[in-house]
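Fold and contact review
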Amino acid sequence: QRFKGLGITIRFILIQNRAGKTRLAKWYMQFDDDEKQKLIEEVHAVVTVRDAKHTNFVEFRNFKIIYRRYAGLYFCICVDVTDNNLAYLEGIHNFVEVLNEYFHNVCELDLVFNFYKVYTVVDEMFLAGEIRETSQTKVLKQLLMLQSLE
Amino acid sequence: MPAVSKGDGMRGLAVFISDIRNCKSKEAEIKRINKELANIRSKFKGDKALDGYSKKKYVCKLLFIFLLGHDIDFGHMEAVNLLSSNKYTEKQIGYLFISVLVNSNSELIRLINNAIKNDLSSRNPTFMCLALHCIANVGSREMAEAFASEIPRILVAGDTMDSVKQSAALCLLRLYKTSPDLVLMGEWTSRVVHLLNDQHMGVVTAAISLITCLSQKNPDEFKTCVSLAVSRLSRIVSSASTDLQDYTYYFVPAPWLSCKLLRLLQCYPPPEDGAVKGRLVECLETILNKAQEPPKSKKVQHSNAKNAILFEAISLIIHYDSEPNLLVRACNQLGQFLQHRETNLRYLALESMCTLASSEFSHEAVKTHIETVINALKTERDVSVRQRAADLLYAMCDRSNAKQIVAEMLSYLETADYSIREEMVLKVAILAEKYAVDYSWYVDTILNLIRIAGDYVSEEVWYRVIQIVINRDDVQGYAAKTVFEALQAPACHENMVKVGGYILGEFGNLIAGDPRSSPLVQFNLLHSKFHLCSVPTRALLLSAYIKFINLFPETKSTIQEVLRSDSQIRNSDVELQQRAVEYLKLSSIASTDVLATVLEEMPPFPERESSILAKLKKKKGPGAVSVSELEEGKREGGELNGGSDRGADTAAMAASNASTPSPQADLLGLRSTAPVGSAAPSAGSLLVDVFSEAGPATPSAAVNDDGFLRFVCKNNGVLFENQLLQIGIKSEYRQNLGRMYLFYGNKTSVQFASFTTTVSCPGDLQSHILYMQEHFVEPLVEGGAQVQQVLNIECLTDFCDAPLLNIKFRYGGALQNLTLKLPVTINKFFQPTEMASHDFFQRWKQLSQPQQEAQKIFKANHSMDTEVLKAKLLGLGTALLDNVDPNPENYVCAGVIQTKNQQVGCLLRLEPNAQAQVLSHTHTHTHTHTHTNLYSCL
């Protein structure tokens, strides 16, 4: 019997700008700080050399990176090689549309100044390395409710 | 819709972030940060109690500083305080800080758990979610212990809000992954499975991840999920694009949930119930049909979402591998994608087709796309797409198209990216061998490989061609002729010289009749390359020369002259010199009969799995990242595999028929003890081995005592190795904590199924050390692959037994069961302490009560070499103190054993003499037995 891998599906989510500055790093696996830094640099090196004619997937160590570029920002999700590429690619887009709505035309600075809110958005949509909620309406409603709390 | 202004709520934070962004240099940034840290520190230490808002703001600033990459060593307490605030924003920052800066400080863990507990029972869904997210993000053993029984209750309770259920399901999943022993589903199983029926699609989306994970571990208990998943899928697939409202994404109903459902079904064989199966097949057909419908939107999001489902459905169809009709339809669909303008789709179609090629039902259908795939190999811009095309060509290759595919791959090799050349070479070599009808084609192909990509032709490849030529006498003459011709080229690759030297040395006589390739011509040709070659190749050529002397007596004087020349017989390289001397002597004193016996033609090689295949598998194995680490460990362990000594390879040639070949006489590493375990999957190949019957008798309870002892003084190396499995260890210890990386390497070419590992603590060890299994090993370990596992270890008090690691897996049907001692010994928690002579003896005297002192005399098992002993004592983890003991022959060490509960200072003195050694050691606590255990290794 062939089984799909058991384990954490998403290993990490990274948002980086073209210069390699990290705008969000969400880890779903234990890495020590040095390892995290190394991963961040490697992902940046791997992703930024690719152009629009390339696929949105890159093999990365034993995993793969599904990524998409929005203006100057790269949104990258690291998953198992057996995972569904397109589902995560659209997972990224879904997440970006929520950010866009939430921050009203999101730009890089929104992510910098509101870094602590971005984590909330991530946790609403991805938890424990899995997709938690996919409905933009539901997520935004929840975020709006939290926003109104003191 | 909400719009968030910049840093609203916390002006100070926004100002700080702006300041940092305005810093012109790294120095300025550090200065600004230090200023802020000083400010926050004074605020936290100040007399005035801070209000919640200020606390939140400062904690948030600290978090920002941490995320910039600076260390934060305070503020944890304030963050924990925020957890008990009843304001959401304060709580949220507190939880975020805890989640990002996980700290194993035990005092805090208790407080954090307390706060989480309060929030979980608060009945406030927002607070409950925050607490659950914190558990899901941290996922520590302590949290699992505290909450693993509570969360299932929350998950299935009737009055739990949907959003809380979603978080609870995934939180439980995280705990199950970190501490499966603590998450007992039992009574909850059926209610959890029925979450697949939940009205709220978000709940289903979250719960299905949990169910999938649990199903993989306990398929039987969860098998009712199959019919529920099928009916849920069926409802989604048959719904109109607007039915699901919130869960419709660019006109595609619930794409992510559909994918997850299809993936869950891949944990099980096809449904046995005819009705369920019929419904599922209908769903799959509908999905395939929808792919043919005109798109409802031109947006790429629409087609991506639709195709995400399609690819997952195809995965399921391939997984079942029982519906020829669906398999062929899937193949046709993928065929269309092969020419799609989206690179993503072409890539995925190539990838997916690769698995279809291995199904008997769709293999032929895949083959019809050969031209498109060859074209992709030639024209794709993205190297990863070309790589997939090469993979697919390899997968679709059979006897009918092998010549075409090999030719295309060879021509692609001339321009292929460096990154994939080596793998391409291996693939060509394997296909050429596997589908060789006439072996002259095979020889041509391999020689072409060496010509085109000589640098990428590994030893395995050229060893293999020689092996085959030696085993098949119908190709020997052709091979000799071909290498002779190839060597005519003014510049030929060194690998060509190796192959040429070897083959002419063995079979040069077969072409010697032709005056154009007379013995002397052959010799001169080989010798013309000699000076440009590296030492190993020259060594091989020398062996070829001595073989020539036997084959062609007329070359004897010429060759002896060469051997006698200073550049050979006085060569600075020992190996070359020795060969020259020995061969010269052999050729002058041995009689023709003796010479003929010693230098007789190589006997056929025992047939076994192609080493190339093993290499390719290793290359593709999932353990690629850590292989180098393991190999590093291997070297430290001093267990060098035979055959890595390249110079020695050729020694075998001369000694081939000697009655007792030395281990080094194992030419090409092929005659070493054949691995009993290397079963060969590819039946078509002539030279593929036949050992595949049954695996070796199931070994069990093989305790690795000597392996264990070697690890007392070191942290990395190979813990265990047999014919099937190699286990490498890397470990690091700091204070009372340790982390151990275990690398399990499958040495065979066959996958291990149901691979599980458990760590147990015999006796009362449990109360002395604590284990946290960081992640599991996947249940399948592919042939040649390596998987990694991390163990976190905490030493609570001193201990003497070692924990046990039990490994179970199925290899070719037989259950393998193995128990090893994990090399966790008390000395790993030693911290060296430096002290002066005066202090040492003062403490030594203070600790002289009977229970504090232990003394033992034992015989040294090994020589008492000073440096070795010193290295061992250092390896033990103590500080070796020089100039402390008045007697310079004695060794004096000091260290502190760090346990969670206490620190135990240890002083150690070793008084060796020529016959026996006296050991005495003293310490503040009584655990003599532990030490006795430890020192026995000296």
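Residues numbered from 1 in each chain as written. Chains lettered and ligands numbered in written order. Predicted model: local features only at pLDDT ≥ 70, side-chain atom pairs only at ≥ 80, totals over all residues. Heavy atoms only, no water.

By the naming in an unreviewed UniProt entry, chain B goes by AP-2 complex subunit alpha and is assigned to Myripristis murdjan. As stated in UniProt under Subunit (unreviewed entry), the record for chain B gives "Adaptor protein complex 2 (AP-2) is a heterotetramer composed of two large adaptins (alpha-type subunit AP2A1 or AP2A2 and beta-type subunit AP2B1), a medium adaptin (mu-type subunit AP2M1) and a small adaptin (sigma-type subunit AP2S1)." (UniProt positions renumbered as here; feature names shortened; annotations may be inferred.)

Naming follows an unreviewed UniProt entry, where chain A appears as AP complex subunit sigma of Myripristis murdjan. The Sequence similarities (unreviewed entry) field of the UniProt record for chain A holds the comment "Belongs to the adaptor complexes small subunit family."

1. Structural notes on helix α14 (residues 255-265) of chain B
Across the 11 residues that make up α14(B), a large majority, 11, are buried. Considered for burial, the residues of α14(B) that qualify are Pro255(B), Trp256(B), Leu257(B), Ser258(B), Cys259(B), Lys260(B), Leu261(B), Leu262(B), Arg263(B), Leu264(B) and Leu265(B). (Buried < 20%, exposed > 50% of the residue type's maximum accessible area, 1.4 Å probe, protein only. Helix = DSSP H or I, 4+ residues; strand = E, 2+ residues; numbered from the N terminus.)

2. Concerning the environment of Ala144(B)
All names here are of chain B. Residue position: Ala 144 is located in helix α8 (residues 141-147). We classify Ala 144 as buried; its relative accessible area is 1%. On a C-alpha basis, the gap between Ala 144 and Pro 180 in space is 9.2 Å, while along the polypeptide they are 36 residues apart. Excluding residues that lie within four positions of it along the chain, Ala 144 makes contacts with Leu 175, Ser 179 and Leu 182. (Contact = heavy atoms within 4.5 Å.)

3. Brief notes about a negative patch on the surface
Judged by side-chain charge, Asp32(A), Asp33(A), Asp34(A), Asp71(B) and Glu732(B) come together as a negatively charged surface patch. With respect to the element layout, Asp34(A) can be found in helix α1 (residues 33-48). On the accessibility criterion, Asp34(A) (64% relative accessible area) is exposed. (Patch = residues over 30% accessible without salt bridge, like charges linked within 9 Å, V, L, I, M, F, W, Y side chains within 5 Å. Areas by Shrake-Rupley, 256 points an atom, 1.4 Å probe, with all protein chains shown as cover. Salt bridge = Lys/Arg side-chain N within 4 Å of Asp/Glu carboxyl O. Lys, Arg positive; Asp, Glu negative; His and termini not counted. Charge placed at Lys NZ, Arg CZ, Asp CG, Glu CD.)

4. Considerations on the side chain of Arg11(A)
Residue and element names in this part refer to chain A. Within the secondary structure, Arg 11 is located in strand β1 (residues 10-17). Take Arg 11: its relative accessible area is 8%, and that puts it in the buried class. Once residues within four sequence positions are removed from consideration, Arg 11 is found in contact with Lys 26, Trp 27, Tyr 28, Met 29, Phe 31, Phe 63, Cys 78 and Asp 80.

5. Here's the deal with the pairing of strand β10 (residues 814-821) of chain B
All names here are of chain B. Alignment of strand β9 (residues 804-811) against β10, held across eight bridges, turns out to be antiparallel. By the bridge assignment for β10, Tyr 811 is matched with Ala 814. The loop that links β9 with its antiparallel partner β10 comprises two residues; one of these, Gly 812, has a positive phi angle of about 50°. (Pairing = 2+ DSSP bridges.)

6. Quick look at the sheet that holds β10(B)
Residues and elements named next belong to chain B. Strand order in this open sheet of three strands is β6-β9-β10, and the pairing throughout is antiparallel. Edge strands, defined here as strands with exactly one partner in the open sheet, are β6 (753-760) and β10. Across the sheet, the axes of successive neighbouring strands diverge by a mean angle of 10°, strand direction being ignored. As judged from the six bridges shared by β6 and β9, these two strands associate in the antiparallel manner. Bridge assignment links Ser 760 to a residue of β9, and that residue is Leu 804. (Axes fitted to C-alpha atoms, helices over the stretch in contact; angles between N-to-C directions.)

7. Here's the deal with the interface of chain A and chain B
Across the boundary between the two partners, chain A contributes 71 residues, which contact 89 residues of chain B. Note that Asp246(B) and Lys138(A) form a salt bridge whose closest N and O atoms lie 3.4 Å from each other. In this structure, the connection of chain A to chain B is made through 27 residue pairs in polar contact (both at pLDDT 80 or more). Among the secondary structure elements, those contributing two or more residues to the side of chain A that touches chain B are β2 (22-27), β3 (57-60), α2 (85-102), α3 (108-113), α4 (115-125), β7 (130-131) and α5 (136-148) of chain A. Its residues placed into classes, the side of chain A that touches chain B shows 25 nonpolar, 23 polar and 23 charged. (Polar contact = N/O pair within 3.5 Å; in protein donor to acceptor, adjacent residues only side chain to side chain. Nonpolar A, V, L, I, M, F, W, Y, C, P; charged D, E, K, R; others polar.)

8. Re the pattern of salt bridges
The full count for this structure, using the stated rule, is 43 salt bridges over all chains. Here Arg472(B) makes a salt bridge to Asp474(B), at a shortest N to O gap of 3.3 Å. Between Glu485(B) and Lys481(B) there is a salt bridge, with the nearest N and O atoms lying 3.7 Å from each other. Of this pair, Glu485(B) and Lys481(B) both sit in helix α26 (residues 473-487), four residues apart, roughly one helical turn. Each of the salt bridges in this network shares a partner with another, and the network as a whole consists of Glu59(A), Arg388(B), Asp391(B), Glu423(B) and Lys427(B).

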